[in-house]
Amino acid sequence: MATENAADDSAKLQILKDALYEEIRQHGSETRLFTQKDLLDLNIIPNNNVMLLVKVVQGLCNDKLLVGTTNHHAGLAWRWRSREEAKKYLSLPNDETMMVYSIIDEAGADGIWNRTIKNKLNMHESVVKNCIKYLESKGYITAMKNVEHPNKKMYIKASLRPSERATGGPWFTEGELDTAFIQELEGIVFEYIKTKSAYRGSQPQPASAPKRGAIVGELRGTKRAAADITNDDSTAAPSSRNSKSFRTVFLPMPAGYKHYPTVAEIAKFIHDTGITNNTTLGEADIQQLVDVLHYDGLIEPVRVNRRKGYRVTRAMRQDTVPFHKRQKDREAGIGLDQPLVVGAEPLSNALTEAPCGRCPVFDLCEEGGPVSPSNCVYFTKWLDLEDVATAAAPVASLPP
Amino acid sequence: MQVTKPVAELCTLLVDELHGELPSRIFSTLVNKGRSTLPQLAQYTSMTPRQLRHGLAVLVQHNLLYHHLDPGAEFAFYEANVEHAYNLVRTGKILEMVDTSFGPAAKDVMQSLLLSGQTRIGDLLAAYQAKIEQANKKVGTNDTEEFDGEANGVNDDSKNEPVVKSTAHLNSILCRLIEAELIDVVHDKTFESPADVLKIVEKEVMDKYFPNGVKGNKAKAEFQQRIAEGLRKVRDESKSLKRKLEQNGSAAKRRKLFSGLGVATNGSGAQQDEEMDPALDPKQVIRVNYEKCLVDLRNRRLVQFATDMFGETTAYVYGILLKLLTKDIPRCRLDPVLDSVDDDDDDDSKKKGPGVVTTDQILDNLKTSVDLSLGIGKAERHQISSRAANKVQTHPPKKKRLIAEAEVDGEASEDEKEDDESSEGSDYDSNYEETKPNGASGINGANGVTHERRMDRPTQLRQHLMLLAESTQNFVRHCGPNEWTVDFEPVMKALREAELDSVIERTSGRQGLRLVRILRAKGKLDEKALPNVALMRKSELQQKMLEMQTAGFVHVQEVPRDVKADVKKSFFLWYCDVEKSLSRLLETSYVTMLHCLQVLEALRRKEKDVLQTTKRTDVRGREKDAMRKEYYERYARFLACERKLFAQVMRLDDLVSVLRDF
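Not measured: the values here are computed from a predicted model.

Participant: Help me understand the confidence of the model for chain A, please; the structure alone is not making it clear to me.
Facilitator: Detailed reading of predicted coordinates is not advised where the pLDDT is low. Residue and element names in this part refer to chain A. On average, residues of chain A score 76 in pLDDT, and 81% of them are at 70 or above. Per-element confidence in chain A is highest for helix α12 (residues 283-295), whose mean pLDDT is 88, and lowest for helix α10 (residues 226-241), whose mean pLDDT is 36. Confidence drops under pLDDT 50 across residues 207-243; counting only partners more than four residues distant or on other chains, this segment forms 52 contacts. Low pLDDT, under 50, characterises residues 389-400; the stretch is placed with 11 contacts to residues that sit more than four places away or in other chains.

Participant: Looking at this model, I keep getting lost on the sheet that holds strand β5 (residues 285-288) of chain B. Mind explaining?
Facilitator: One open sheet holds the 3 strands; their spatial order is β3-β5-β4 (chain B), and the pairing between them is antiparallel. Unpaired on one side and paired on the other, β3 (119-120) and β4 (183-185) of chain B mark the two borders of the sheet.

Participant: Honestly, the sheet that holds strand β9 (residues 525-526) of chain B in this entry has me stumped. Any pointers?
Facilitator: Strands in a sheet are paired, the pairing made by backbone hydrogen bonds, and the direction either parallel or antiparallel. Residues and elements named next belong to chain B. Strand order in the open sheet made by the 3 strands is β9-β11-β10, with antiparallel pairing throughout. Every other strand in the sheet has two partners, leaving β9 and β10 (555-559) as the edge strands with one partner each. Here β9 pairs with strand β11 (residues 571-575) via 2 bridges, running antiparallel. If you follow leucine 525 over to β11, its bridge partner there is tryptophan 574.

Participant: What should I look at first to understand the side chain of lysine 93 of chain B in this one?
Facilitator: Assignment of secondary structure puts lysine 93 of chain B in helix α6 (residues 91-102). Beyond its immediate stretch of four places on either side in the chain, lysine 93 of chain B contacts Leu297, Met650, Asp653 and Asp654 of chain B.

Participant: Explain unusual backbone geometry here, please?
Facilitator: Across the chain, the bulk of peptide bonds are trans and the bulk of non-glycine residues have phi less than zero. For lysine 64 of chain A, which is not glycine, the phi torsion reads 65 degrees and is therefore positive. In this structure, lysine 64 of chain A sits in the loop between α3 (50-62) and β2 (66-71). The class of lysine 64 of chain A is partly exposed, set by a relative accessible area of 22%. We note that leucine 535 of chain B has phi near 50 degrees; this positive angle belongs to a residue other than glycine. Inspection of the secondary structure puts leucine 535 of chain B in the loop between α30 (530-534) and α31 (538-551).

Participant: Quick question: what am I supposed to make of the pattern of salt bridges here?
Facilitator: Oppositely charged side chains can form a pair if their charged atoms are brought close together. Considering all chains together, one arrives at 48 salt bridges over all chains under this definition. Arginine 514 of chain B serves as the salt-bridge partner of glutamate 186 of chain A, at 3.9 Å between the closest nitrogen and oxygen. Taken together, the positions of glutamate 186 of chain A in helix α9 (residues 179-197) and arginine 514 of chain B in helix α29 (residues 488-522) put the pair across two chains. On the basis of relative accessible area, arginine 514 of chain B is assigned to the buried category, the value being 5%. The closest approach of N and O atoms between aspartate 272 of chain A and lysine 268 of chain A, which form a salt bridge, is 3.3 Å. With aspartate 272 of chain A and lysine 268 of chain A both in helix α11 (residues 263-273) and 4 residues apart, the pair spans about one turn of that helix.

Participant: What's the story with the packing of helix α7 (residues 104-116) of chain B against helix α11 (residues 167-179) of chain B in this structure? I'm lost.
Facilitator: Angle between the axes and distance between the axes are the two parameters that describe a pair of packed helices. Residues and elements named next belong to chain B. Interaxial distance between α7 and α11 falls to 10 Å at its minimum, and their mutual angle equals 85 degrees. The pairing of α7 with α11 is recorded here as roughly perpendicular in orientation. Of α11, the residues touching α7 (which contributes Ala105, Ala106, Val109 and Met110) are His169, Leu170, Ile173, Leu174 and Leu177. Of the residues in the contact of α7 with α11, the class split is 8 nonpolar, 1 polar and no charged.

Scoring rules and cut-offs
- Residues numbered from 1 in each chain as written.
- Chains lettered and ligands numbered in written order.
- Predicted model: local features only at pLDDT ≥ 70, side-chain atom pairs only at ≥ 80, totals over all residues.
- Heavy atoms only, no water.
- pLDDT = per-residue confidence, 0-100.
- Helix = DSSP H or I, 4+ residues; strand = E, 2+ residues; numbered from the N terminus.
- Contact = heavy atoms within 4.5 Å.
- Pairing = 2+ DSSP bridges.
- Buried < 20%, exposed > 50% of the residue type's maximum accessible area, 1.4 Å probe, protein only.
- Salt bridge = Lys/Arg side-chain N within 4 Å of Asp/Glu carboxyl O.
- Axes fitted to C-alpha atoms, helices over the stretch in contact; angles between N-to-C directions.
- Parallel < 35°, antiparallel > 145°, perpendicular 65-115°, else oblique.
- Nonpolar A, V, L, I, M, F, W, Y, C, P; charged D, E, K, R; others polar.

Encoded structure:
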């Protein structure tokens, strides 16, 4: 009778277990925590019998279908686990392996360092090692690399993909920053912004345009006599209007231009072209890229009304070779030494051109010191006196 | 101006270059030892008082020296005027500037003035009189030569025919230059150092208004104000000639009267003009006013900056705007004591800002040969938000403390203004697809809508101005409908930053620039956070940062996590102090200039024998024929190097001016 009763009980318990498990699964994802009250409110356990609930939950926990956790707000709580996962747990040979597996499981997509496993479980290293070996051989877990800690040996559940934080987002390939990819993409984004934010027009050669020290205008601008004006027009005007030497340049857009490309548009363009076939780039990623270009001084943000677009800086100085042509050249091996992002030639000033501006011993250089302006080799080279220094010596000995 | 070791050496070399060794030795002693009396100088330099007097006279003549005699004292104190010594390097630039804006004759006058230092007008007149007479005599005896001179064109005629044709012409030139404030009057206070002037004025004010001492805040404020007034009076003294000229009615006004009658204003027709100018008092002593010259040089630099950023046509418009705007600006940087107190006075528009220029004024001054349709892209009318383009900013931008904060600030104000434009904003999305091919193909620009594109000249001009106003560098502020002004401080800040950036980019590459600009935008940043923002490999980044730290472009701060200050656990915060980098850049520029001059010095030593030959009277002037071939080649090469080095020094001065003076 007692045995029958027990069998009957266990059968009933099994039914209750199944019913409760199914009901829990209906009520939320794997991450949701259920408290005791939540479970009772599911109306599976008759008469809200707490003892029975304990039994059922214990049974489910033994089957690894429920995981007990302690939560700060609600106290003891449970979340459910899928049957396949539970099966994996149950197939493990011993408790140690199970504990190791559960700890890796909990770490989720971020993965976990093997030292952390050891410290958390307070187990001997060899035991942990054995467990990991077993789990790896079963194909339950895999080793992974984290970009933030490239030297740490980390493990992750085999069924999961490492999280963004661990892989570093779309810019990383196998834990390494993919600079080639980034540069290529920067080039494309820059080209897009360049063509969208500047006007491709032609301009007469600068010879006919006013020269750069352009305050040339005499003081007499307003007081010019009529004869002077006609004279002026007949000589200077044709040179600027009918001159045949035109060159293609990018011109800045008039103020208030409303169609400077925004980040959203750039992202859409990148998406539509499908250049990045196996990585998806969100707007935030493109924003990062655009920011870098901005910091490089190649583009600048413009705010027209409430639209934040980007435009190329120093449009007139930009290279007008179309992108596809440059790409073709590159394939043919021409211009490989040029950067992928071809911006305008950086401004220069006297300091960067004089030898001193880039001299490695600038701080030591002083008259009377071991390195001094009078024996400076860089200056000799800069002034084109290199050959003279050797050639002049014998000449100097000749009498005048 | 801070006098550091390189500056002192540089100025000494410059004095040596232009005025010879004796003055330069005295100058160097004065710079190194500070204020000295004649006996002290004799002791320092072990020269005889006679020699010293000679040297000092030259220095005083060129305003390279201040002197001060305390009442009742036996000896005067001498003090080096380092600013003016440095200004010697700008001689060439100033001459070129005068040449382009006032013509070759004015350049000639300016050159004589720069060569002879402060001069009495009478002496200048006499010198030119002699020159003109000599030239006339030559012309009279030798007709062919004159013919040659004319055939050669205008550049060459200084030898055969003086650029200044008569003393009346000279007088008129001087009047022009004085009106432009490029020349001012020397008075006894110009020989006192600013500190002495301040002391004198202070004493005067004390004696006159506060015989019992200054007590209380109110009295202190009044005291300050009186001092400022006194200083201003001293400063205005050098403008006495200009004021006198203005009382007679300025040349511009007089010319306006004539232009109605169709009188040509330059060349032969200028005769009337010259006669109109009042003869200047021959006893007045005049000198070059470097402060005003700097204003004009700054305009040139800004125009060049605009050329780099936009293009020639826009920059040309900008140049005209600047010229009109700075006509009445006496100096680049306002003096904190002299110019601040004016605020409570009535005419704040004149003192506080550079005033405004209207579109029409600019239009009147543009050369008719300039095609304003160049330099700006074309866009359909509906692609342009005229409201955004025409936005008027009545007030100069506020001083920005934190960049991030300022950005947010800007957004907010813009949002307020343009809330009502949402309807316009919404429709551009719909037509965006159709208008897409605007810039990419250029087809749109070539055909079709050309009739609409033909804008009249004022509109074209406005386009250039609005482009300048929209720029991130704040070239121009649209301060009222059709009124434009320039806030020099932010523009110069942008220019300084651009100079720094170009140095960084040239020395540390684009990635270096990227890192610096990130730090500038974000403030202090932990070493670990940088790679994510810069999208750079950690190792590369660290190397670059170290490189730039040694160059002084970025700085690092170590913040310990706990009291033990374990290096491994500390935070390392990178930051970038623009001011610090700029001052280092300035110092580097001085040293580089110094090095250039020293290299030249070394070259001269090396080629001593050749140079001595060229000094012989039978060789001078016909070096090519008189010297042996190798010798002449060496000489020519030396001259080329000298030119190169001087040009380099000049260009370095461009940088120094931007960093220090503008």
